[in-house]
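# Reading the structure
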Amino acid sequence: MNLEKIEHIGIAVKNLREAEEKFTELFQATPYKREVVESEGVETSFYRIGESKIELLAAINEQSPITKFIEKRGEGIHHMAFDVKNIYQEMERMQERGFQLISPEPKRGADNKLVCFLHPRSANGVLVELCQEIKD
Ligand code: ZN
């Protein structure tokens, strides 16, 4: 298996604090971390649900991909992230099979991960994230 498991599901929200209140009620759990990822223009908040996580994403500026996503499609599920052991190998494999990567190199994402996105055009409208834990 190349994709180990669903690592997390990303949900685009307008207001992170308000969304946190709601999801804290829904999950009966509080977020274990909040993190701003400047390079992506987002503030994130993470919940652990068993083996998987839920990532809330809110824009921190107008240029943020989340701003554009919400304008176009409203709040809701934004991406699905899969855990991989070797992100470089997976990126190469996917490219060979005709999937379109959003960036040619992995980036440092939230929650101590190397991440790479596949264009939703490549996967029936689903924004797929590959992520590999950074082991320091
Ligand atoms: Zn994510």
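Above this note sits the structure.
Attention in this report is confined to the structure presented alongside it. Predicted model, so just to flag it, every value in this text is computed and none were measured.

## Here we look at the side chain of K53
- Relative to the helices and strands, K53 resides in strand 4 (residues 52-59).
- Within the structure, K53 has its side chain in polar contact with the side chain of E7 (distance 2.7 Å).
- Leaving out residues up to four positions away in the same chain, K53 has contacts with E7, H8, I9, Y32, F46, Y47, R48, D111 and K113.

## A few points about the pairing of strand 2 (residues 33-37)
- By the bridge criterion, five bridges tie strand 2 to strand 3 (residues 42-49) in an arrangement that is antiparallel. Note on strand 3: the bridge partner recorded for V36 is E43.
- What sits between the antiparallel neighbours strand 2 and strand 3 is a turn of four residues, in which G41 has the positive phi angle 65 degrees.

## Structural notes on the packing of aromatic side chains
- Under the defined criterion, the tally for this structure stands at three aromatic pairs.
- Ring geometry for F27 and Y47: centres 5.2 Å apart, planes at 70 degrees, overall edge-to-face. Of the two residues, F27 is situated in helix 1 (residues 16-27) and Y47 in strand 3; the sequence distance between them amounts to 20 residues.
- On the basis of relative accessibility, which here comes to 23%, the residue F27 falls in the partly exposed class.
- Its relative accessible area of 0% is what places Y47 among the buried residues.
- The rings of F23, F27 and Y47 are connected pair by pair, giving a single aromatic cluster.
- Across the ring face of Y32, the terminal group of R48 is positioned such that the distance to the ring centre comes to 4.2 Å.

## So, the coordination of the zinc ion
- The zinc ion binds to the protein through H8 (NE2), E55 (OE), H79 (NE2) and E129 (OE), with metal-donor distances spanning 2.1 to 2.2 Å.
- All donors of the zinc ion come from a single chain, and their spacing in sequence reads H-x46-E-x23-H-x49-E. Taken together, the residues H8 in strand 1 (residues 3-12) and H79 in strand 5 (residues 76-84) connect sequence positions 71 residues apart.
- Assessed through its relative accessible area of 3%, H8 is described here as buried.

## Points about a negative patch on the surface
- A cluster of acidic residues, E18, E21, E25 and E75, forms a negative patch on the protein surface.
- Of note, E21 is situated in helix 1.
- Residue E21 is classed as exposed on the basis of its relative accessible area, which comes to 60%.

The rules we used
What you see as residue numbers is a count from 1 along each chain, following the sequence as written. Only residues with pLDDT of at least 70 get local features here, since the model is predicted, and only at 80 or more are side-chain atom pairs given and counted; chain-wide, interface and lining totals rely on the full set of residues. Here the side-chain values reflect all heavy atoms present in the structure, with hydrogen atoms and water set aside. Here a helix means four or more residues in a row that DSSP labels H or I, a strand means two or more in a row labelled E, and each is numbered from the N terminus. Polar contacts, as counted here, are pairs of nitrogen or oxygen atoms within 3.5 Å of one another; within protein the pair requires one atom able to donate a hydrogen and one able to accept it, and residues that are adjacent in sequence qualify only if both atoms are side-chain atoms. A contact between two residues is defined here by any heavy atoms of the two lying within 4.5 Å. Paired strands are those between which DSSP finds at least two bridges. What counts as a ring pair is set by centres within 6.5 Å for rings of Phe, Tyr and Trp (its six-membered ring), and what kind of pair is set by the plane angle: stacked under 30 degrees, edge-to-face over 60, tilted for all other angles. Accessibility here uses a 1.4 Å probe with only protein chains present; expressed as a share of the type maximum, an area under 20% marks a residue as buried, one over 50% as exposed, and anything in between as partly exposed. Only when the NZ atom of a Lys or the CZ atom of an Arg is both within 6 Å of the ring centre and within 35 degrees of the ring normal do we say a charge sits over the ring. Any N, O or S atom lying within 2.8 Å of the metal counts as a donor, and for Na, K and Ca the limit rises to 3.2 Å; water is left out, so some sites can look incomplete. Patch membership is restricted to residues that have no salt bridge and whose relative accessible area is over 30%. Joining uses 9 Å for like charges and 5 Å for the nonpolar side chains Val, Leu, Ile, Met, Phe, Trp and Tyr. In these tables, accessible area is a Shrake-Rupley quantity obtained with a 1.4 Å probe, and a residue counts as shielded only by the protein chains included in the view. When a carboxyl oxygen of Asp or Glu lies within 4 Å of a side-chain nitrogen of Lys or Arg, that pair is called a salt bridge. In this charge count, Lys and Arg are treated as positive and Asp and Glu as negative; neither His nor the chain ends contribute. For charged residues, the charge sits on one atom: NZ in Lys, CZ in Arg, CG in Asp, CD in Glu.

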